[in-house]
2 protein chains.
Amino acid sequence: MESSWTTAAWELLVTAARSPRRARGRMLEDALRQAVRSGHIAAGTRLPSSRELAADLGVSRGVVTEVYGRLVAEGHLVGRQGAGTWVVDLPRQAPPPAPIAAAPLVDFKPGSPDLSLFPRAAWANLCRKVLTEMPHAVLDYGDSRGFLPLRTELAALLSRRRGVVVDPERIIICGGFAQALSLVARFLRTQGKTLIGEELPGDSKGCSIFGPAGVSSVSIAVDENGMDVDALAASGCHAALVTPTHQFPTGIVYQPPRRKQLLEWARDTGGLIIEDDYDGEFRYDRAPLAALQSTAPDLVAYAGSVSKSLAPGMRLGWLLPPARLLEPLAALKHGDDRGRPVLDQAVLAAFLRSGRYDRQLRLCQRTYRERRDTLVRALADQLPEARVTGVAAGLHAVVTLPASFGAEDELVRAAADVGVNVVPFGRYGGTGPGFVLGFSHLSATTIDKGISLVAAAWLT
Amino acid sequence: MESSWTTAAWELLVTAARSPRRARGRMLEDALRQAVRSGHIAAGTRLPSSRELAADLGVSRGVVTEVYGRLVAEGHLVGRQGAGTWVVDLPRQAPPPAPIAAAPLVDFKPGSPDLSLFPRAAWANLCRKVLTEMPHAVLDYGDSRGFLPLRTELAALLSRRRGVVVDPERIIICGGFAQALSLVARFLRTQGKTLIGEELPGDSKGCSIFGPAGVSSVSIAVDENGMDVDALAASGCHAALVTPTHQFPTGIVYQPPRRKQLLEWARDTGGLIIEDDYDGEFRYDRAPLAALQSTAPDLVAYAGSVSKSLAPGMRLGWLLPPARLLEPLAALKHGDDRGRPVLDQAVLAAFLRSGRYDRQLRLCQRTYRERRDTLVRALADQLPEARVTGVAAGLHAVVTLPASFGAEDELVRAAADVGVNVVPFGRYGGTGPGFVLGFSHLSATTIDKGISLVAAAWLT
């Protein structure tokens, strides 16, 4: 053990060893991260073995291994097989890090799949199989629209599960939904069409995607039937970004007359409908609704991704533009990055072909339905004043409270004080007090605990 | 065997069985691809087993397996384990394909690494290791600039091997060099700086990258000392895209006075130097030259990729912009695609950390040096009139011929007639007659054969 460790070690141990036993892992992780970032533990310091540290803290060795693993993944530590774990040399020019808030005990942030469901072993097996079998030429520059076998498998999947009208030649494989939307926005800009209507309430892409793409957005109200198409028409927008099969975050479904009106708007004005099918797969109580694109493939640019079914870190999605937009969008994609990396595409193609993707969707759906049921039950039991909506599908619920509960930001703070993170409905432009609670990444126990904690905090 | 096969089978066999035995695999592949694309063999047709077809054609079974494998990879066929090989249902709306030219026997196209050197087994092993060990959170949305452990390893590599001044916080992981350049061009455009100087001769990015990014380019002459900086200054360009350590395609190295003049241009005019370090690793006769960025990190946006050292299909590269450009470029990257896929990044980080990447570079360098030597020797023996330049580094040679040999396009046609593809120097704006010959992807035997064939064609 190096000398610089021994000094720092005590402080860490004092903080972590004082905590309740089950919180010690998290305390150790936070303290260690902060100590490395602040330079409190010098670069090059060798940390004690997981066995030693676990004994000192009175936790199992696995707890320490996991903490080290996460800090290695973040780049704060490096682990060398058989040579222990070391503190990395963090860049000296980097600005001093902000103080780190303790992670909440229960985080109801919406939009996260359960990353532990990622099929790691199957993916590794298929990766080996693909690397063993594929011809060398596949590793060369390929079609910028994506690996054809993947586009072929996806066409079959999307036609079967989402009713989408599709041809492998018309699919562009993208870096998640984000790149699909960015390409469409940049294409519109080249046409001088720079105004895009977004849903309100909604998850605005304004600053993060539309800004860099050089277009602007206008918020258009959503009611229980869908986007207000009269307001859209009056806005002079050139395109509308919509989530018609499960609106984010309200969970409403665009009703047939509104769908029809939206398509008429597109036909009459030459406007483009951009359909974000972000969680269309996860409908719990009936068969999934077909995508809007299924009824008007020439008016709708349809996009989706594996971010909810596999993991956001895969950055794998697809864009199916109307036929007339295919060529300019493919040229933009080619100019951007010459297409996506081929290995992940080949593995996903094999995953689809083997039927494993359907199994993965069934696994996610079963898991998330149980968690939704747990959340709904917990709210009914512990917070009967809450109104729960939008839970027929998707990975989150909208929970609104009577005005008597107080202001949203006070409720958020009260929840934070008991270790629970809740995202206010107001952040998406919704009228509260209310919250958008993501449940898909949380175990039943955690959901129960989180609701108990906020109910106690809000009801006292 | 299905009935639709038996009819089509004969025609394929007639074409392929008539060819010389060693060309039968290629003939079969071309004929089969064309038959599937044209609908000559119907979708859903089951092909004969590789054993049957090999026997019919008098070739080894491996030849047929390889042909089937390539057509499966291209999406023309599907193979199901134990269930044979089938013709896929190609989209009916697709335009009729252009007639397929037979692939050349020897293809001297420049810029291709030997894809058979890709470390498939090591990559599959590390992929499994990464998937086994990484914390779940790594699969979530990450830093759009890239996976920090990879940026940390790359910083060490680039500083050590290329002399680059680097800080992991300043690296942006990109989709190959293409995305790095596209981001820089799009950033310049937001500043109203829309004119970029490119090298002549050079590999113009004008139509494919600059067009979609909304900027224009001007060709600036390159002489034996580097880009003509007086001409660059007179052009009013806002940026210059250069390959200073091994100019593409001439192979000249920017000389110190010219480097100095270029840096002064940038300092005086606020112009940006974009350094494409496309094959800086592969210098054969002396130690690699440090990148231009090493002397002026605040004037140069440096970019490189694994396209030459691993494979273009990885779409993995890096951009090191001057500090003042980091934030706007990172915002553009975030708006584009929220960062690159994490698995490849984690595997490459592990590959670098283990020392395997250095071994890979040594393997490539040794292989490519031998092939360069073979090419130079073959030319000296068979085509002593040829002048060979630019071979101190890189994956290609510039070969010029006396004017008495005739016009470049006639020489290209004469080579094509004997089955050899050569890319004329004129395609890159060079003065011929001459050719840019890529050698890195060809075996010594193939190089010898190719040069013998063109020498015979050109000297008669």
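What counts, and where the lines are drawn
Residues numbered from 1 in each chain as written. Chains lettered and ligands numbered in written order. Predicted model: local features only at pLDDT ≥ 70, side-chain atom pairs only at ≥ 80, totals over all residues. Heavy atoms only, no water. Least-squares fit on C-alpha atoms with pLDDT ≥ 70 in both. Contact = heavy atoms within 4.5 Å. Phe/Tyr/Trp six-rings, centres within 6.5 Å; stacked < 30°, edge-to-face > 60°. Helix = DSSP H or I, 4+ residues; strand = E, 2+ residues; numbered from the N terminus. Buried < 20%, exposed > 50% of the residue type's maximum accessible area, 1.4 Å probe, protein only. Pairing = 2+ DSSP bridges.

## A few points about the relation of the copies chain B and chain A
Screw-axis analysis of chain B against chain A gives a translation of 0.1 Å along the axis, an RMSD of 0.1 Å, and a rotation angle of 180 degrees. Taken together, the rotation and translation describe the operation of a two-fold axis. With an isologous cut-off of 70% or more, the 100% of interface residues of chain B that recur at the interface of chain A puts this contact in the isologous class.

## Observations concerning the packing of aromatic side chains
Residues and elements named next belong to chain A. Counted under the stated rule, the structure contains 14 aromatic pairs over all chains. When the ring of Phe 248 is compared with that of Tyr 428, the centres are 5.3 Å apart and the planes differ by 90 degrees; the resulting orientation is edge-to-face. With Phe 248 in the loop between β8 (239-242) and α10 (256-269) and Tyr 428 in the loop between β15 (423-424) and β16 (434-438), this residue pair connects regions lying 180 residues apart in the sequence. Taking the relative accessible area as the measure of exposure, Tyr 428 reaches 11% and is therefore buried. On the basis of an interplanar angle of 65 degrees and a centroid distance of 5.6 Å, the ring pair of Phe 282 and Tyr 368 is categorised as edge-to-face. Of this pair, Phe 282 sits in the loop between β9 (272-276) and β10 (300-305) while Tyr 368 sits in helix α13 (residues 356-382), and the two are 86 residues apart along the sequence. With a relative accessible area of 0%, Tyr 368 lands in the buried category.

## Thoughts on the pairing of strand β13 (residues 396-400) of chain A
All names here are of chain A. Within β13, five of the five residues are buried, which leaves it mostly tucked inside the rest of the structure. Of the two faces of β13, the one carrying His 396, Val 398 and Thr 400 and the one carrying Ala 397 and Val 399 are both buried. Pairing between strand β12 (residues 387-389) and β13: three bridges, direction antiparallel. Directly across from Arg 387, in β13, lies its bridge partner Thr 400. The hairpin formed by β12 and β13 contains six residues between the paired strands, and Gly 390 there has a positive phi angle of roughly 75 degrees. Here five bridges tie β13 to β16, and the two strands are oriented antiparallel to one another. Across the sheet, residue Val 399 finds its bridge partner in β16, namely Phe 435.

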